[in-house]
Protein chains: 2
Amino acid sequence: MAQKIKAGIVGYGNLGKGVEKAIAQNSDIELVAVFTRRQPDQLQSASGVRFEHISAAEQYKGKIDVMILCGGSATDLPEQTPVIAKTFNTVDSFDTHAKIPEFFETVNAAAKQGGTLSVISTGWDPGLFSLNRLLAEAILPQGKDYTFWGKGVSQGHSDAIRRVPGVKAGVQYTVPVQSVIDRIRNGETPDLTTRDKHLRECFVVAEEGADKEQIRQAIVSMPNYFSDYDTTVHFISEAELKADHQGMPHGGFVIRSGITGEGTKQIVEFGLKLESNPEFTASVLVAYARAVVRLSSEGQTGAKTVFDIPLGYLSPKSPEELRRELL
Amino acid sequence: MAQKIKAGIVGYGNLGKGVEKAIAQNSDIELVAVFTRRQPDQLQSASGVRFEHISAAEQYKGKIDVMILCGGSATDLPEQTPVIAKTFNTVDSFDTHAKIPEFFETVNAAAKQGGTLSVISTGWDPGLFSLNRLLAEAILPQGKDYTFWGKGVSQGHSDAIRRVPGVKAGVQYTVPVQSVIDRIRNGETPDLTTRDKHLRECFVVAEEGADKEQIRQAIVSMPNYFSDYDTTVHFISEAELKADHQGMPHGGFVIRSGITGEGTKQIVEFGLKLESNPEFTASVLVAYARAVVRLSSEGQTGAKTVFDIPLGYLSPKSPEELRRELL
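Residue indices begin from 1 for each chain and proceed along its sequence in written order. Chain labels run from A onward and ligand labels from 1 onward, assigned in the order the entries are written. Per-residue local features of the predicted model are confined to residues with pLDDT of at least 70, and side-chain atom pairs are confined, for both listing and counting, to 80 or more; whole-chain, interface and lining totals are unaffected and use all residues. In computing side-chain properties, one takes all heavy atoms of the structure into account and sets aside hydrogens as well as water.

(A) Quick peek at empty space enclosed by the protein. Throughout, the protein atoms alone are placed on a 1 Å grid, and a set of points is a cavity if a 1.4 Å probe fits but cannot get out or a pocket if it is open with protein on both sides within 12 Å along at least five of seven lines; lining residues have an atom within 4 Å of a point. Grid points are joined across faces, edges and corners, and a volume is the space filled by probe spheres set on the points. Scanning the entire structure with this criterion turns up one cavity of 30 Å³ or more. The helix count covers DSSP runs of H or I at least four residues long, the strand count covers runs of E at least two residues long, and both are numbered beginning at the N terminus. When residues of the lining of the largest cavity are traced back to their parent elements, those giving at least two are α4 (128-139) of chain A together with α4 (128-139) of chain B. Along the lines of polarity and charge, the residues of the lining of the largest cavity split into six nonpolar, two polar and no charged. Gly is placed with the polar residues, together with every amino acid not listed as nonpolar (Ala, Val, Leu, Ile, Met, Phe, Trp, Tyr, Cys and Pro) or charged (Asp, Glu, Lys and Arg).

Okay, here's the thing in C-alpha cells:
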C-alpha cells in the first residue's frame, strides 16, 4: 500500500469533529494534528489526536499533505484559507455564494505564490449540488432547474425564534413543499421563488406563563424571516426539544426538467437526506482532500473548485478498479 | 465567439438521430456530416445534414473535431471505435459492462497511436449512474448502494415476448419496486438481487383467436427472462399498443445509504425520468463530445471515461461563469 495521506484539521467545531470521524473511515488517510485558536491543552478527543495552536501550523510544513479547513464562511475562512494556502494544500467549504468569485481569486493568488493547491467551496451546496446543476444543464441546455433545501435546521431562523419574547428555546426547520416537488417531477416547469418552494416549521418551548398565541403571532408575522412563508409553530416541552430536535439533519434536491428533440421531457434529479449536515459535509471535504493531494503531486497549483476535478480523483481506487467495478 | 466545434455522427439509428437533435440545441457545436453503412443518398433529414458512406470518413480528417459514435455495443462499437479513434477524437456509449476493461485497452492503444482522444462508455448507465456510484462511495465509504432501472422498455424482454406462439406484438417494461425504494430511502440496507428490485410488466397483442391464458402462462414461466420475476401480462389491442407504447421511456435511480460517525445515516440519491432513452443518451454524448475536443486541444490523448473528466469541461460556459452562476 502507498504511503498514507497526512491530513491536518483547522478548527474543531462540529465540522472539524466530523472530519476527524470521516478520516477514521478512510484507511488511506491519517490525521496528523488538529489546529485550533483555543488553548490546545484544554481540548481532547477520544481518538487521541494531537492538538496544536493554530500559530504552530507553519512548523508542520512538509509533514502535512493537506489542511482541511473547518472554520465558518463569515469570518474564519476569508482570513484563514489565503494564509494557510501559502504553505499547505487546502480544502474548505466556503459557502457564501455571492462572494465565491472574489474568494477564488484571493486563494488562487496565495496558492500560486505558495506552489500549493486549494479546492474551495466543497461540501454539498456549494459542492455536490453545484456539480449536479452543471451536469444537468450541460446535458439538457433547454430546461429549468430547481434547488430545494431541507428538511433541515436553519440556524439563522432558529436564532430569530429565540429572540421572540416569551420563547425559552426553539428550532426552525426549512421544509421543501412536497406538492411543488411532485409537480416538477411530473414534468411541469413553474416559475418559483424560494418561498414558493419551502415551508417553515418551528418547534418552540415557551417560558412558563407566556402567551402562546402571542408568540405564534410574533413568529409568523416576523418580516424577512417568516411573514412571506407558510409558517407553522408547534409548542413543545423542553424535554421534547432535547429528545427530538438535537440533531442537525439537512438535505434537499436539485431537479432539472429539460426538453430534447421535439418536446420530449427529461428529468434529472439529485437528492440528499442527511441525519447530520456537518458529518456529511466533513465526508465530502475528506474525499476532496484526497483529490487535492493527488492533483498537487501531479504539479497542479492554484485554486480549484469541484468543477475542475475529475471524480476519479475522489476515490482511493485505481482507474482500473473504477472502470471494472463502478463504470 | 470562439470557432464552433465540428462534429460528425457515425450511425443513424435512434441514437444518431438523437445526437442530430441534441447538436441543434447547442450553439457552440455544428454537425458536419453523418456517416452510415447504408447508401448515403437514400437517407434524408429535415435538418439538411450531409450523409456520407462510412468509408469516406477518412477524407474528413482535419475537418471534424470529434466523431460521435452511435452504433450498438454488441458488434458496431467494438469494431468501429478502435478504427475511427486512429484518425478522430471519439465519444461513444459502449455499455457492455463486463467488456469495458478490454474495450478501454483496445481504444486506448488506437487513440495513443493516432494522437487522438476517445471517451468511452458515456450515456447514463454506464455514464451518469457510474459517476454517482463513484461519488457516493468516495464520500460514504461505509455504505451500500443500489441501482434501479426503469420504468423503461427492455428490448431483449420485448423480443422474448414476441417469440411466444400466439403473440402478435408486445412490449415489456422493467419497473423498479416502489416499496423497496421506499425502504432504502428510509434508511434500510437490505441485501437485494436485481429480481428483488424489479417487476416485469408486459403489454401484449394476441393473434386473433389465440388462447390468452396460455400466452400468459408461457410468458410468466419463461426461464431467465420472466420466471423468477413478479411478472404481469396485460392484453391490449393493436391500436392501444400504437397509441400508448411507441415511446422509449427509461430511467432509474442510484441510491447509496451510508453511515458517518457513530451510526449517522446519510442517503445520496440520483435519479432519471426519461421520456426518450436514446434522445437523453444522445444529449450526454454531445456534452462529452465538447469535453473531448477541449481535452484534446490541451494535448491529452488515449482513452478516458467519465471518471477522468472534470465536469466543467462539459459546459459551454467559462470557469468564471460556472463559479459565478452554478457553484
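There's plenty left to go through after this.
(B) Geometry of the relation of the copies chain B and chain A. The copies were overlaid by least squares, fitting only the C-alpha atoms of residues that reach a pLDDT of 70 or more in each copy. Placing chain B over chain A gives an RMSD of 0.1 Å and needs a rotation angle of 180 degrees, together with 0.0 Å of translation along the axis. As the rotation angle and translation indicate, the two copies are arranged about a two-fold axis. Contacts between residues were defined by any pair of non-hydrogen atoms, one from each residue, lying within 4.5 Å. A symmetric contact is evident, with 99% of the interface residues of chain B recurring at the interface of chain A.

(C) Unusual backbone geometry, seen in detail. Of the consecutive residues Gly150 of chain A and Lys151 of chain A, the connecting peptide bond is found in the cis state with omega at 0 degrees. Here Lys151 of chain A lies in the loop between β7 (143-149) and β8 (152-153). Unusually for a residue other than glycine, Ser121 of chain B sits at a positive phi of about 60 degrees. Relative accessible area serves as the criterion here: at 0%, Ser121 of chain B is assigned to the buried category. Between buried and exposed lies partly exposed: a residue is buried under 20% and exposed over 50% of the maximum accessible area for its type, with that area taken using a 1.4 Å probe on protein chains only.

(D) How the structure looks around the domain arrangement of chain A. Residue ranges labeled as domains rest on an automatic or database domain assignment. Partitioning chain A into structural domains gives domain 1 (5-125 + 278-326) and domain 2 (152-248). Its C-alpha centre places domain 1 of chain A at a distance of 33 Å from the equivalent point of domain 2 of chain A.

(E) Just the packing of aromatic side chains, in detail. Residue and element names in this part refer to chain A. The pairing test for Phe, Tyr and Trp rings, Trp by its six-membered ring, is centres within 6.5 Å, and the orientation test on the planes gives stacked under 30 degrees, edge-to-face over 60, and tilted for anything in between. This model, assessed by the stated rule, comprises 14 aromatic pairs over all chains. Taken together, Trp124, Phe129 and Phe270 form an aromatic cluster joined through their ring pairs. Counting as a charge over the ring demands two things of the Lys NZ or Arg CZ atom: a distance within 6 Å of the ring centre and an angle within 35 degrees of the ring normal. The ring centre of Phe253 lies 5.3 Å from the NZ or CZ of Arg185, which sits over that ring. Over the ring of Phe148 we find Lys197, and its NZ or CZ is 5.5 Å from the ring centre.

(F) Highlighting the interface of chain B and chain A. Across the boundary between the two partners, chain B contributes 67 residues, which contact 66 residues of chain A. When two components associate, each loses some accessible surface as probed by a 1.4 Å sphere; the sum of these losses over both components is called the buried area. Both faces combined, the contact of chain B with chain A buries some 5,700 Å², and carbon together with sulfur accounts for 61% of it. Put simply, a salt bridge is a Lys or Arg side-chain nitrogen that is within 4 Å of an Asp or Glu carboxyl oxygen. The salt bridge partner of Lys317 of chain A is Glu137 of chain B, with a shortest N-O separation of 3.0 Å. Any pair of nitrogen or oxygen atoms within 3.5 Å is treated as a polar contact; in protein, a donor-acceptor pairing is required on top of that, and neighbouring residues in sequence qualify only through side-chain atoms on both sides. Remark: the boundary between chain B and chain A carries 32 residue pairs in polar contact (both at pLDDT 80 or more). Of all the secondary-structure elements, those providing two or more residues to the side of chain B that touches chain A are α3 (100-114), α4, β12 (250-260), β13 (264-274), α10 (277-297) and α11 (319-325) of chain B. It is β13 of chain B that contributes the most residues to the side of chain B that touches chain A, 11 residues altogether. Partitioned by chemical class, the residues of the side of chain B that touches chain A number 30 nonpolar, 20 polar and 17 charged. One bridge is not enough; two strands pair if DSSP finds at least two bridges between them. Alignment of strand β13 (residues 264-274) of chain A against β13 of chain B, held across nine bridges, turns out to be antiparallel. Residue pairing in the sheet places Ile267 of chain A in a bridge with Lys273 of chain B of β13 of chain B.

(G) Main features of the packing of helix α1 (residues 14-24) of chain B against α10 of chain B. Residue and element names in this part refer to chain B. Closest axis-to-axis distance for the α1/α10 pair is 8 Å, and the angle between their directions is 55 degrees. In terms of orientation, α1 and α10 fall into the oblique class. Crossing of α1 against α10: the hand is right-handed. In this structure, α1 uses Asn14, Leu15, Gly18, Val19, Lys21, Ala22 and Ile23 to contact α10, whose residues at the interface are Pro278, Glu279, Thr281, Ala282, Ser283, Leu285 and Val286. Lines are fitted to the C-alpha atoms to define the axes, a helix being fitted only along its stretch in contact, and any angle between axes, read from their N-to-C directions, falls within 0 to 180 degrees. Just so you know how the angles are binned, under 35 degrees is roughly parallel, over 145 roughly antiparallel, 65 to 115 roughly perpendicular, and the rest oblique. It is the rotation of the near helix from the far one that decides the hand of a crossing: anticlockwise by less than a right angle makes it left-handed, clockwise makes it right-handed.

(H) Molecular detail of the pattern of salt bridges. Residue and element names in this part refer to chain B. Within the structure shown, the criterion is met by 32 salt bridges over all chains. When the shortest N-O distance is used, the salt bridge between Lys168 and Glu238 registers 3.0 Å. Linking Lys168 in strand β9 (residues 167-176) with Glu238 in helix α9 (residues 238-244), this pair joins segments that are 70 residues apart in sequence. For Glu188, the salt bridge is made with Arg183, and the minimal N-O distance between the two is 3.0 Å.

(I) Representation of the pairing of strand β12 (residues 250-260) of chain A in the model. Residues and elements named next belong to chain A. Along β12, 10 of the 11 residues are buried, which leaves the element largely enclosed by surrounding structure. Here β7 pairs with β12 via seven bridges, running antiparallel. Note on β12: the bridge partner recorded for Lys144 is Ser257. Bridge count between β12 and β13: 11 bridges; the pairing is antiparallel. Residue pairing across strands places Ile259 opposite Lys265, the latter belonging to β13. Joining the antiparallel neighbours β12 and β13 is a turn of three residues, in which Gly261 adopts a positive phi near 50 degrees.

(J) Representation of the environment of Thr281 of chain A within the structure. Residue and element names in this part refer to chain A. Looking at the secondary structure, you find Thr281 in helix α10 (residues 277-297). For Thr281 and Gly13, which are 268 residues apart along the polypeptide, the C-alpha to C-alpha distance reads 13 Å. Those residues within four positions of Thr281 in sequence are excluded, and the remaining contacts are Leu15, Ser93, Gly123 and Trp124.

(K) Quick look at the sheet that holds β7 of chain A. Spatially, β7(A)-β12(A)-β13(A)-β13(B)-β12(B)-β7(B) is the arrangement adopted by the six strands of the open sheet, whose pairing is antiparallel. Two strands bound the open sheet, and with one partner strand each, they are β7 of chain A together with β7 (143-149) of chain B. Here the average twist between neighbouring strands, direction ignored, is 5 degrees. Against the sheet, α4 of chain A makes contact with β7, β12 and β13 of chain A together with β13 of chain B, and its axis sits at roughly 5 degrees relative to β12 of chain A, the strand it touches most. With respect to the sheet, α10 of chain B is in contact with β12 and β13 of chain A together with β12 and β13 of chain B, its orientation differing from that of β13 of chain A by roughly 70 degrees.

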